[in-house]
Amino acid sequence: MENQKIFVINGGQVFGHSGGRFNNTIFNATLNFFKSQPGFEIRSTDINDEYDPAQEVENYVWADVVIYHTPIWWFQVPNGLKKYIDVVFTEGHQKGIYRSDGRSSANPNINYGTGGSLHGKKYMVTSSWNAPATAFTLPGEFFGQRSVDDGVLFGFHRMNAFTGMKPLPGIHFHDVEKNADIVNDMKLYQEHLTNTFINQKQEHEFLSNSNN
């Protein structure tokens, strides 16, 4: 079986009082995880470094899975990651990320969002928050019992859907400023990666072999 190609993006921006340390830790844990496992190839980008938009487009086209690591600032991704997406996706118009918005002049009311070029590929997102998990789950708390994925990251998920990619289960880290538990977070993340990429891969290979 061919190696699975993983493209990892570190959106943990160095800005103001933020050194991007937590997301850098997650980013490095991801790289180390895949480097230690057979059957994977890996590329990576840190949005704090200079990048070539054309090469970044090629990374998306090359990858089987794109992994985003991002903190949440003021209920959005950081400006550096947003700029990266704007620049790279604009470069990727008719060059591998998307062809059009999917509509035709014959009937412009339908098929919006179906012009992506990355069908068959998947993505995963991790996010980190000052907000505790209970802010999303308890009645009367700030996010009105709406999850990260259905709330703040809804637009982010639609952006990836526009390209044709499908989501893998993500993981969200809460209360990382006031009550960080890096050891436990890293343990949970390693388990998440193992379940998502190793256990699922082994199950897929077992089913494939059983059907042969």
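Residues numbered from 1 in each chain as written. Predicted model: local features only at pLDDT ≥ 70, side-chain atom pairs only at ≥ 80, totals over all residues. Heavy atoms only, no water.

- In the nomenclature of an unreviewed UniProt entry, the protein corresponds to Modulator of drug activity B from the organism Pedobacter cryoconitis.
- UniProt's Cofactor (unreviewed entry) comment on the protein is quoted here verbatim: "FAD".
- Turning to the protein, the UniProt record has this under Sequence similarities (unreviewed entry): "Belongs to the oxidoreductase MdaB family." (UniProt positions renumbered as here; feature names shortened; annotations may be inferred.)

1. Overview of the pattern of salt bridges
Stage number 1. Overall, the coordinates contain 5 salt bridges when judged by the stated rule.
Stage number 2. Where lysine 82 meets aspartate 86, a salt bridge forms, and the shortest distance between an N and an O atom there is 2.7 Å. A residue pair is termed a helical-turn pair when its members lie 3 or 4 positions apart in one helix, as lysine 82 and aspartate 86 do in helix H3 (residues 79-91) at 4 residues.
Stage number 3. Owing to a relative accessible area of 41%, lysine 82 belongs among the partly exposed residues under this scheme.
Stage number 4. You can call aspartate 86 partly exposed: its relative accessible area is 37%. (Salt bridge = Lys/Arg side-chain N within 4 Å of Asp/Glu carboxyl O. Helix = DSSP H or I, 4+ residues; strand = E, 2+ residues; numbered from the N terminus. Buried < 20%, exposed > 50% of the residue type's maximum accessible area, 1.4 Å probe, protein only.)

2. Points about H3
Stage number 1. When the terminal C-alpha atoms of H3 are compared, their 18 Å separation across 13 residues agrees well with the 18 Å that a helix rising 1.5 Å per residue should span.
Stage number 2. Every buried residue of H3 is listed here: Gly80, Leu81, Tyr84, Ile85, Val88 and Phe89. Along H3, the residues classed as buried sweep out an arc of 145 degrees about the axis, all on the same side. For H3, exposure combined with an orientation more than 90 degrees from the buried face picks out Lys83 and Thr90.
Stage number 3. Buried residues belonging to H3 abut strand S1 (4-10), strand S2 (40-46), helix H2 (53-62), strand S3 (65-71) and helix H5 (154-163). (Expected span 1.5 Å × (residues − 1). Arc of directions from axis to C-beta. Contact = heavy atoms within 4.5 Å.)

3. A closer look at the side chain of asparagine 59
Stage number 1. Here asparagine 59 is to be found in helix H2.
Stage number 2. Of the residues examined, asparagine 59 reaches a relative accessible area of 4% and is grouped as buried.
Stage number 3. If we skip the residues at most four places from it in the chain, asparagine 59 touches Phe7, Arg43 and Thr45.

4. Remarks on a nonpolar patch on the surface
Stage number 1. On the surface, Trp74, Phe75 and Phe142 cluster together into a nonpolar patch covering about 460 Å² of accessible area.
Stage number 2. Following the sequence through the fold, tryptophan 74 ends up in the loop between S3 and H3.
Stage number 3. When its relative accessible area of 76% is taken as the criterion, tryptophan 74 is described as exposed. (Patch = residues over 30% accessible without salt bridge, like charges linked within 9 Å, V, L, I, M, F, W, Y side chains within 5 Å. Areas by Shrake-Rupley, 256 points an atom, 1.4 Å probe, with all protein chains shown as cover.)

5. What to know about the pairing of strand S4 (residues 122-128)
Stage number 1. By the criterion of burial, S4 is predominantly enclosed, with 6 of the 7 residues buried.
Stage number 2. Pairing analysis gives 7 bridges linking S3 to S4, with the strands arranged parallel. Of the residues in S4, the one forming a bridge with valine 65 is lysine 122.
Stage number 3. Between the parallel pair S3 and S4, the chain is carried across by H3, and the sense of this crossover is right-handed.
Stage number 4. Relative to strand S5 (residues 166-167), S4 runs parallel, the two sharing 2 bridges. From the neighbouring strand, tyrosine 123 faces S5, where its bridge partner is proline 167. (Pairing = 2+ DSSP bridges. Right-handed = clockwise from strand over helix to strand, strands pointing away.)

6. Considering unusual backbone geometry
Stage number 1. One non-glycine residue, phenylalanine 75, adopts positive backbone phi at about 65 degrees.
Stage number 2. The phi angle at glutamine 94 is positive, at roughly 60 degrees, despite the residue not being glycine.
Stage number 3. Here glutamine 94 is to be found in the loop between H3 and S4.

7. As for the environment of threonine 137
Stage number 1. For threonine 137, the location among the structural elements is in helix H4 (residues 134-137).
Stage number 2. Residue threonine 137 is classed as partly exposed on the basis of its relative accessible area, which comes to 48%.
Stage number 3. Taking the C-alpha atoms as reference points, threonine 137 and asparagine 179, separated by 42 residues in sequence, lie 18 Å from one another.

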